[in-house]
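The primary structure of each chain is shown beneath.
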Amino acid sequence: MAEAHAHQGSAAPRKTGPARRIGPSLVCLQPHAIAPSCEAPTLVTSLPAPSTPACPDLAQLLHTAVAQAFNAVVITNAALDGEGPCITYCNPAFCRMTGYTEQELLGRSPRLLQGPKTDPQVLQRLRECLRSGTFFQGSTVNYRKDGSSYLVEWNISPVRDAQGQVQAYVSVQQDITKRVRAEQRQALLARALNATQDAVVIANAQAQILFVNQAFEDLTGYRSDEVLGRTPKFLQSGEHPPAFYSQLRDALARGDSCQTTFANRRKDGSIYHAAQTITPLRDEAGTTQHYVSVTKDVTELIARTQELREQAHHDALTGLLNRRAGEQQLERCQRAAQLEGQGYALILADIDNFKSINDRFGHEEGDRVLQRCATLLSRKVRSGDALIRWGGEEFLIVLPGCRLEAAQELAERIRAAMAQEQDAVVGSITLSLGVGAWQPGEYSSTLLRRTDQALYRAKTSGRNQVAVAP
Ligand SMILES: Nc1nc2c(ncn2[C@@H]2O[C@H](COP(=O)(O)OP(=O)(O)OP(=O)(O)O)[C@@H](O)[C@H]2O)c(=O)[nH]1
């Protein structure tokens, strides 16, 4: 079709002859437009008869059908030498696509549609197909009469006579500019979605996944083909109560956009934290047709936040609550005591002669002894009690709802347990303990002072003993 190079507007089309029938097996489909170089009948068909019992005038029907076809149809003769094949017929769709009139096209080489961006490789392949009489299919850039370009997809079939000689070429063409642009836009969007660091999921109204991007695959460990068609339920970790999901579903059903942080499960079973925004996508009628969810992986952020929270409340050496957190705990107990009359007790435990442990065995051994004491104390207190590293070698135990006698018994158990232990390096470690219980109307600071005085008495009375605040 693009064999000979024709120059736009260089050859005026000639007057064409009427429709004609050429022998019993040859039908000219171009009734009024035969170009000079195409004067010999060129379009032939091996159809045995132009009419059938069902269709008395098949030739007319074929002509009308092609003339009214949605796709552009163009027929050339089979002259491969010189200027190459030239147009002997084109339907109105071809004229609409190219911007040329039928008169301007007839007798011209389809080359007049080519221009700078027409792909020479496609044309080369086309020439080879024409020469070998084989079917051609391809696409390239063509140019309209006004110089604007369009993307054409076309195929060409040789038309042979009864002897098998190629008499013409018939080509069906389609302007695919819009389709290709849409595909390019879609590909661009997919590339952009895949390039983003956030995991993107697009689901239909039934929450079945239609698309996941690369970041989703990286985050969850699931490949796209493993999740398409499924609902995101498989990501649930069991860490949220059913109400969490039902509230989410209700909000989405109302058409609201939702922002929430999920604890989800990866394919390998590990948990990740996803800060997710789910947005319903509505059609023109306002009906939700799709959901798009964008997820930021906040696993590290949450772990770091928890770590900082831990650090803010815990002593780095022993892992126990630090003094600040201990004071808050004490205040909570004091409030409960004042408001509800629920008393509490305190135990202050202090390692005996700790300075000499440091001095004899070094600070590192001293640290280890502190950790050892913390471990023992942790084993002795209940989960509702608060165990605090109150000072250097001093520990405070806050016992909500505990009476003096019970606190004294616990202190004694702790003392005895510690005294029994023999450390491989420092030998015996002992504790002195002061015990106090809240008295109605008393401030926590007063109770603390009384307990500290009891501890002092335990120290001055010879250490490794429990003293109770009166
Ligand atoms: N290794 C280590 N030592 C600490 C730490 N905090 C405080 N100390 C030391 O603990 C020692 C406490 O000494 P003292 O207050 O004299 O008390 P003690 O030697 O235990 O004597 P008594 O309490 O009277 O039995 C000091 O030498 C502090 O430097 C710590 O985190 N690690």
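Note: the structure precedes this text.
Within every chain, residues take consecutive numbers counted from 1 along the sequence as written. Per-residue local features are limited, in this predicted model, to residues with pLDDT of at least 70; the limit for side-chain atom pairs, both in listing and counting, is 80 or more; totals at the level of whole chains, interfaces and linings are taken over all residues. The side-chain quantities take in all heavy atoms of the structure and omit both hydrogens and water.

1. Quick look at the overall build of the chain
Each helix and strand in the chain was counted, giving 14 helices and 19 strands. For the exposure calls, accessible area comes from a 1.4 Å probe over protein chains only, and a residue counts as buried if that area is under 20% of its type's maximum, exposed if over 50%, partly exposed in between. Counting over 470 residues, the chain shows a buried share of 44%. Every accessible area reported is derived by Shrake-Rupley at a probe size of 1.4 Å, with residue values counting cover from the shown protein chains alone. Accessible surface, the chain as shown: approximately 24900 Å² in total, 52% of it carbon and sulfur. Only DSSP runs of H or I reaching four residues or more are called helices, and only runs of E reaching two or more are called strands; each is numbered from the N terminus.

2. Overview of the nonpolar core
With 32 residues, the main nonpolar core has Ile-351 and Phe-395 as its most contacted residues. Those elements that provide at least two residues to this core are strand E13 (344-351), helix H11 (354-361), helix H12 (363-380), strand E15 (394-400), helix H13 (404-420) and strand E18 (431-437). Note on definitions: a residue-residue contact is assigned when non-hydrogen atoms from the two residues lie within 4.5 Å. Contact partners of Ile-351, with chain neighbours within four places excluded, come to Val-369, Leu-370, Cys-373, Glu-393, Phe-395, Ile-429, Thr-430, Leu-431 and Lys-459. What makes a nonpolar core is a set of buried Ala, Val, Leu, Ile, Met, Phe, Trp, Tyr and Cys residues whose side-chain atoms join them at distances within 4.5 Å. The next biggest cluster of nonpolar side chains, apart from the first, holds 24 residues, and it includes Ala-72, Cys-90, Tyr-150 and Ile-156.

3. Things to note about the packing of H12 against H13
Lines fitted to C-alpha atoms define the axes, with helix axes restricted to the stretch in contact, and inter-axis angles between N-to-C directions lie between 0 and 180 degrees. Their axes nearest at 10 Å, the elements H12 and H13 cross at an angle of 140 degrees. The orientation of H12 relative to H13 falls into the category oblique. Of the two possible hands of crossing, H12 and H13 adopt the one that is right-handed. Here Cys-373, Leu-376, Leu-377 and Lys-380 of H12 come into contact with H13, specifically with Leu-410, Ile-414, Ala-417 and Met-418. Charged residues are taken to be Asp, Glu, Lys and Arg, nonpolar residues to be Ala, Val, Leu, Ile, Met, Phe, Trp, Tyr, Cys and Pro, and polar residues to be all remaining types, Gly included. Tallied by class, residues from the contact of H12 with H13 come to seven nonpolar, no polar and one charged. Under this scheme an angle from 65 to 115 degrees is roughly perpendicular, one under 35 degrees roughly parallel, and one over 145 degrees roughly antiparallel; angles in between are oblique. The crossing is said to be left-handed when, going from far helix to near helix, the turn is anticlockwise and less than a right angle, and right-handed when the turn is clockwise.

4. With respect to the environment of Ala-437
Within the secondary structure, Ala-437 is located in strand E18. Looking at Ala-437, the relative accessible area reads 14%, which means it is buried. Between the C-alpha atoms of Ala-437 and Pro-470, which are 33 residues apart in sequence, the distance is 8.9 Å. Setting aside residues no more than four positions away along its own chain, Ala-437 makes contact with Tyr-344, Ala-345, Leu-404, Glu-442, Leu-447 and Arg-450.

5. Some thoughts on the site of the ligand
In the region of the ligand, 16 residues are neighbours, and Asn-353, Phe-354, Lys-355, Asp-367 and Arg-389 sit closest. Contacts to the ligand include Lys-459, whose side-chain N or O atom sits 2.9 Å from an oxygen atom. Throughout this description, a polar contact denotes any pair of N or O atoms lying within 3.5 Å of each other; where both atoms belong to protein, one of them has to be capable of donating a hydrogen while the other can accept it, and for residues adjacent in sequence the pair is counted only when both atoms sit in side chains. Within the side chain of Arg-463, an N or O atom sits 2.9 Å from an oxygen atom of the ligand. Protein chains shield 66% of the accessible area of the ligand, which is 660 Å² for the free molecule. Those elements that place two or more of their residues in the shell around the ligand are E13, H11 and H12. Examining the composition of the shell around the ligand, we find that four residues originate from one element, H12, more than from any other. Partitioning the shell around the ligand into residue classes produces three nonpolar, five polar and eight charged. A molecule or strand has a residue near it when one of that residue's heavy atoms lies within 4 Å.

6. Observations concerning the side chain of Arg-389
Inspection of the secondary structure assignment puts Arg-389 in strand E14 (residues 386-389). Owing to a relative accessible area of 16%, Arg-389 belongs among the buried residues under this scheme. Engagement of the side chain of Arg-389 in a polar contact is seen with the side chain of Asp-315, the distance being 3.4 Å.

7. Overview of the sheet that holds E13
The strand order E14-E15-E13-E18-E19 describes an open sheet built from five strands, whose pairing is mixed. Looking at which strands have only one partner, the edges of the open sheet turn out to be E14 and strand E19 (466-468). Across the sheet, the axes of successive neighbouring strands diverge by a mean angle of 20 degrees, strand direction being ignored. Any two strands with at least two DSSP-identified bridges between them are counted as paired. The pairing of E13 with E15 spans seven bridges and is classified as antiparallel. Pairing of Asp-350 across the sheet is with Glu-394, part of E15. Each of E13, E15, E18 and E19 touches helix H14 (residues 444-460); the most contacted strand, E18, lies at about 145 degrees to it.

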